[in-house]
Amino acid sequence: HVQLVESGGGSVQAGGPLRLSCAVSGYTDITGSDYYCMGWFRQAPGEEREGVTTSLSGGKSTYYADSVKGRFTISQDSAKNTLYLHMNSLKPEDTAMYYCAASRALCTGLMDYWGQGTQVTVS
């Protein structure tokens, strides 16, 4: 049984850093697969949900959207069953609801599990 819960969102000044966390219940149900994907997505009001970053099987392959490349970093801590999104040099355009997601599949497929989201507001 897999559940994801985001935390760490809030308001931050432009240029500042912020770290989002995603606690994963049933962590080994995900990582026990031959391959799996974990990632972060975001959605601003009136816009489509977009992929921010994904990590295949614990970092074997990592991808970032062009808009965040060089500023955001995805990581995970197996001991804490937690996925992280480290964000630096934040811009107002980064304002969105951020969701963590996971799947027992390649990152090119649809995600199976989603968190409820955490709001990030950059001013």
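Just so we're clear, the structure is a prediction, and the values are computed from it rather than from any experiment. All residue numbers here refer to positions counted from 1 along the written sequence of the relevant chain. Residues qualify for local features only when their pLDDT is at least 70, as the model is predicted, and side-chain atom pairs are given and counted only at 80 or more; totals for whole chains, interfaces and linings, by contrast, use all residues. With hydrogens and water set aside, each side-chain value is computed from the structure's full complement of heavy atoms.

Turning next to the sheet that holds strand β3 (residues 18-25). Overall, antiparallel pairing links the four strands, which are arranged β1-β3-β8-β7 in an open sheet. The open sheet has two edge strands with one neighbour each: β1 (3-7) and β7 (72-77). Across the sheet, the mean angle separating the axes of adjacent strands is 20° when strand polarity is ignored. When DSSP finds two or more bridges between two strands, those strands count as paired. Only DSSP runs of H or I covering at least 4 residues are called helices, and only runs of E covering at least 2 are called strands; the numbering of each starts at the N terminus. Of the strand pairs in this sheet, β1 and β3 are connected by five bridges, and their pairing is antiparallel. By the bridge assignment, Leu4 is partnered in β3 with Val24. All axes here are fitted lines through C-alpha atoms, helices being fitted over the stretch that makes contact, and every angle between N-to-C directions spans 0 to 180 degrees.

Here, two cysteine sulfur atoms that lie within 2.5 Å of each other are counted as a disulfide. Within the structure shown, the criterion is met by two disulfides. One disulfide in the model links Cys22 with Cys100; its S-S distance is 2.1 Å. Disulfide Cys22-Cys100: torsion about the S-S bond near 60°, hence right-handed. Residue Cys22 is found in strand β3, and its partner Cys100 is found in strand β9 (residues 96-103); the two are separated by 78 residues along the sequence. Looking at Cys22, the relative accessible area reads 0%, which means it is buried. Classification of residues uses two cut-offs on accessible area relative to the type maximum, computed with a 1.4 Å probe and protein chains only: under 20% is buried, over 50% is exposed, and between them is partly exposed.

Relative to the helices and strands, Glu50 resides in strand β5 (residues 50-56). Once the C-alpha coordinates of Glu50 and Gly16 are considered, the two residues, 34 residues apart in sequence, prove to be 22 Å apart. Apart from residues no more than four positions distant in its own chain, Glu50 is found in contact with Phe41 and Arg42. For Glu50, the side chain forms a polar contact with the side chain of Arg42, separated by 2.7 Å. In this description, contact between two residues means that some pair of their heavy atoms is separated by no more than 4.5 Å. Here a polar contact is recorded for every N or O atom pair within 3.5 Å, except that within protein the pair must consist of a potential hydrogen donor and a potential acceptor, and residues adjacent in sequence are included only if both atoms are side-chain atoms.

Attention now moves to the nonpolar core. By size, the foremost hydrophobic cluster in this structure holds 28 residues, and its most contacted members are Leu20, Trp40, Phe72, Met87 and Tyr98. Setting aside chain neighbours within four positions, we find Leu20 in contact with Ser7, Gly8, Gly9, Trp40, Leu83, Tyr84, Leu85, Met87, Tyr98, Thr118 and Val120. Among buried residues, those of type Ala, Val, Leu, Ile, Met, Phe, Trp, Tyr and Cys that are joined through side-chain atoms within 4.5 Å constitute a nonpolar core.

In this model, Ser57 sits at a positive phi of 50°, which is unusual for a non-glycine residue. Within the secondary structure, Ser57 sits in the loop between β5 and β6 (61-64). For Ser57, a relative accessible area of 9% gives the class buried. Phi is positive for Asn81, which is not a glycine, with a value near 50°. Within the fold, Asn81 resides in the loop between β7 and β8 (82-87). You can call Asn81 partly exposed: its relative accessible area is 31%.

With that settled, consider the pairing of β7. For β7 and β8, the ladder comprises six bridges, and the chain directions are antiparallel. Residue Gln76 lies in a different strand from β8, and its bridge partner there is Leu83. What sits between the antiparallel neighbours β7 and β8 is a turn of four residues, in which Asn81 has the positive phi angle 50°.

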